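Secondary and tertiary structure notes
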Amino acid sequence: GLLLAHRLLQSKLPLAKIDIYESRSDPRDLSNASAVGRAYALGLGIRGRSAIRSVDEQLWSAVKKRGYECERFRLHLTSKFNVKLRDREEGVEPSVLIYQTDLCGALLDELDGRSGGGGGGG
């Protein structure tokens, strides 16, 4: 939804107003007690980067700043057995690990800034 709102904002469509409805509270609201202790981490690889960059590089930079670059992945099946899933590769951009709330917060902050809206983020 948030990425679509960015795409609509940059489109040449004659849209006067876009309303976004979400059942959860604003992810940027640090006083939200329901979000404390709850985290959902995502890994943004080539498909995620491409989708965000389809808006522009500035949006990707804003998202990337909120996450952590990661070039190596291991799957730990037991304490003694793990499998290397990915290692550093020349010319391959690292994935970005980011919490869902941070991703949504970055997209909302950018959307507010670009649309001139004061979406209540903090």
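Residues numbered from 1 in each chain as written. Predicted model: local features only at pLDDT ≥ 70, side-chain atom pairs only at ≥ 80, totals over all residues. Heavy atoms only, no water.

Turning next to the overall build of the chain. On a plain count of helices and strands, the chain comes out with 4 helices and 5 strands. Reading the secondary structure of the chain in the N-to-C direction produces α-β-α-α-β-β-β-β-α. On the chain, roughly 8800 Å² of surface is accessible, and the fraction owed to carbon and sulfur atoms is 53%. (Helix = DSSP H or I, 4+ residues; strand = E, 2+ residues; numbered from the N terminus. Areas by Shrake-Rupley, 256 points an atom, 1.4 Å probe, with all protein chains shown as cover.)

This part covers the packing of helix α3 (residues 57-65) against helix α4 (residues 100-115). One can describe the packing of α3 onto α4 by two numbers: an axis separation of 9 Å at closest approach and a directional angle of 140°. By the angle between their directions, the pair α3 and α4 is classed as oblique. The element α3 and its partner α4 pack so that their crossing is right-handed. Residue-level contacts link Gln-58, Leu-59, Ala-62 and Val-63 of α3 to Leu-103, Ala-106, Leu-107, Glu-110 and Arg-114 of α4. Per-class residue counts for the contact of α3 with α4 are 6 nonpolar, 1 polar and 2 charged. (Axes fitted to C-alpha atoms, helices over the stretch in contact; angles between N-to-C directions. Parallel < 35°, antiparallel > 145°, perpendicular 65-115°, else oblique. Left-handed = near helix turned anticlockwise from the far one by under 90°. Contact = heavy atoms within 4.5 Å. Nonpolar A, V, L, I, M, F, W, Y, C, P; charged D, E, K, R; others polar.)

Our next topic: the pattern of salt bridges. Scanning all chains against the criterion turns up 7 salt bridges. A salt bridge links Glu-93 to Arg-53; the shortest N-O distance between them is 3.0 Å. A residue pair is termed long-range when its members are at least 10 positions apart, and Glu-93 in the loop between β4 (82-86) and β5 (95-99) and Arg-53 in helix α2 (residues 46-53) qualify at 40 residues. Here Glu-93 falls in the partly exposed class, since its relative accessible area comes to 26%. Across the pair Asp-109 and Arg-66 runs a salt bridge, and its minimum N-O distance is 2.4 Å. Of the two residues, Asp-109 sits in helix α4 while Arg-66 sits in the loop between α3 and β2 (68-70), which places them 43 residues apart along the sequence. You can call Arg-66 partly exposed: its relative accessible area is 31%. (Salt bridge = Lys/Arg side-chain N within 4 Å of Asp/Glu carboxyl O. Buried < 20%, exposed > 50% of the residue type's maximum accessible area, 1.4 Å probe, protein only.)

Let us now look at the nonpolar core. Counting 15 residues, the largest nonpolar core has Leu-44, Ile-52, Trp-60, Val-63, Leu-103 and Leu-107 as the members making the most contacts within it. Secondary structure elements with two or more residues in this core: α1 (2-10), α3, β5 and α4. Here the element with the most residues in this core is α4; it accounts for 5 residues. Excluding anything up to four places from it in sequence, Ile-52 contacts Leu-3, Leu-44, Leu-59, Trp-60, Val-63 and Leu-103. (Core = buried A, V, L, I, M, F, W, Y, C linked by side-chain atoms within 4.5 Å.)

Moving on to α2. For α2, the full list of buried residues reads Gly-48, Arg-49 and Ile-52. The buried residues of α2 occupy an angular sector of 100° when the element is viewed end-on, so they sit on one face. Residues of α2 that are exposed and angled more than 90 degrees away from the buried face: Ile-46 and Arg-47. Tucked into the core, α2 has its buried residues touching α1, β1 (41-44), α3, β5 and α4. (Arc of directions from axis to C-beta.)

Just distances and angles here, no functional claims.
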